[in-house]
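Breakdown of the fold
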Amino acid sequence: MSFAFCFDKEGDVYQFVYCYPDTYSRLWHYPDSLERRNLDYFQRDLLGLSVVSAGASHAVACVLSF
């Protein structure tokens, strides 16, 4: 991976993030597996849903607390 960026404002803070692409089902597998373990120090809370065809909805974000 490569990209070019111009730092055009001297006083600004710049942050870069990279995440490899993954499927939706694999993305949710890890928090699901933690939730099934019933750990005392883990909690998952839903932040929002997306509306998709046929009135179904899918979770789009959650908060993982350790």
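For clarity, every value in this text was computed on a predicted model and none was experimentally measured. (Residues numbered from 1 in each chain as written. Predicted model: local features only at pLDDT ≥ 70, side-chain atom pairs only at ≥ 80, totals over all residues. Heavy atoms only, no water.)

**Describing helix α1 (residues 24–36)**
- Look at α1: 19 Å from first C-alpha to last across 13 residues, which is about the 18 Å you get at 1.5 Å a residue.
- Bending of α1 peaks at approximately 30° at the position of Tyr30, with proline Pro31 no more than four residues after it.
- When we look at burial in α1, the residues that qualify are Trp28, Pro31 and Leu34.
- Remark: Asn38 follows α1 within two positions and exhibits a positive phi of approximately 50°. (Helix = DSSP H or I, 4+ residues; strand = E, 2+ residues; numbered from the N terminus. Expected span 1.5 Å × (residues − 1). Bend = angle between axes of the 7 residues up to and from the residue. Buried < 20%, exposed > 50% of the residue type's maximum accessible area, 1.4 Å probe, protein only.)

**A word on the packing of aromatic side chains**
- Inspection of the entire model under this criterion finds five aromatic pairs.
- For the ring pair Phe5 and Phe16, a centre distance of 5.4 Å and an interplane angle of 85° mean the geometry is edge-to-face. Remark: Phe16 occurs in the segment before α1 and Phe5 occurs in the segment before α1; sequence separation between them is 11 residues.
- Since its relative accessible area comes to 42%, Phe5 is described here as partly exposed.
- For Phe16, a relative accessible area of 46% puts it in the partly exposed group.
- Relative to Tyr14, the ring of Phe7 has its centre 4.9 Å away and its plane inclined at 90°; by these criteria the two rings are edge-to-face. (Phe/Tyr/Trp six-rings, centres within 6.5 Å; stacked < 30°, edge-to-face > 60°.)

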